[in-house]
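# Structural overview
Below are the chains, spelled out letter by letter.
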Amino acid sequence: ESLILSTAVSKVSKFIVAVLLIALIKHSYSQTIVLQPNAASGKDALISISDDGLNYGNSNYTTSTDFKASRINIGGSWCNIRSLIQYDLSFIPKNAIITSATLNLYGIAHSTAGQTNAATLQRVTAYWDAQTVTWNSQPTTTASGQISIAASTSSTQNYALDVKTNVQDMVN
């Protein structure tokens, strides 16, 4: 029930907020569910590490309000940043048929500095704690169902990602 957003090639920040829309069918009725996690519902974390030995591997930015994936230069040191997000899907009946699921990512103005900011979205396959997860303790993910996110064409580009397969896997 978790997703991780990461980029290994981007050299600029991409700041985003996530909303997941799920439509499902069970016993011949359909229901649309909108999930927008906050402090009481769902969880998220931002983790990072530096290339030059400045190990941010034990850092957890639990107060960050952005969902980010980036590779940025901070004071001459390149840093990788990843975000994790988890939705509570426990109320969806086991083996419900998911007819559609969309993850909406909303761009916040950023500089591309002439570099790509393409990213990937992967499903997390292990437990993680939002208060204690770090780069060094980040959970495992699977490339199965991985979603490639094309580089943005504007500094405030939004994305609507089809995550139906991932959500179906999570509720089965």
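Here the structure is shown first, and the text comes after it.
Residues numbered from 1 in each chain as written. Predicted model: local features only at pLDDT ≥ 70, side-chain atom pairs only at ≥ 80, totals over all residues. Heavy atoms only, no water.

## With respect to the overall build of the chain
The secondary structure content of the chain amounts to one helix and 11 strands. Put simply, the chain runs from its N terminus to its C terminus through helices and strands in the order β-β-β-β-β-β-β-β-β-β-β-α. A burial count over the chain gives 47% of its 172 residues as buried. Taking as baseline every contact in the chain between residues at least 6 positions apart, the subset at least 24 positions apart corresponds to 77%. Of the roughly 8,500 Å² of accessible surface on the chain, 50% is carried by carbon and sulfur atoms. (Helix = DSSP H or I, 4+ residues; strand = E, 2+ residues; numbered from the N terminus. Buried < 20%, exposed > 50% of the residue type's maximum accessible area, 1.4 Å probe, protein only. Contact = heavy atoms within 4.5 Å. Areas by Shrake-Rupley, 256 points an atom, 1.4 Å probe, with all protein chains shown as cover.)

## Brief notes about the environment of V163
By the secondary structure assignment, V163 is in the loop between β11 (159-162) and α1 (164-171). Residues V163 and N104, 59 residues apart in the sequence, show an inter-C-alpha distance of 9.9 Å.

## Quick look at the packing of aromatic side chains
Counted by the stated rule, this structure contains zero aromatic pairs. Of note, K43 hangs over the ring of W128, and the distance from its end group to the ring centre comes to 4.6 Å. (Phe/Tyr/Trp six-rings, centres within 6.5 Å; stacked < 30°, edge-to-face > 60°. Lys NZ or Arg CZ within 6 Å of the ring centre and 35° of its normal.)

## Here's the deal with the nonpolar core
Looking at soluble globular proteins, one finds that nonpolar side chains tend to be buried together. In this structure, L89, L161 and V163 are the most contacted members of the largest nonpolar core, which totals 22 residues. Mapped by element, the contributors of at least two residues to this core are β3 (29-35), β8 (97-108), β9 (119-124), β10 (141-149), β11 and α1. For this core, the element with the highest residue contribution is β8, accounting for four residues. Of all hydrophobic cores here, the second largest spans nine residues; its members include I49, L84, V124 and V133. (Core = buried A, V, L, I, M, F, W, Y, C linked by side-chain atoms within 4.5 Å.)

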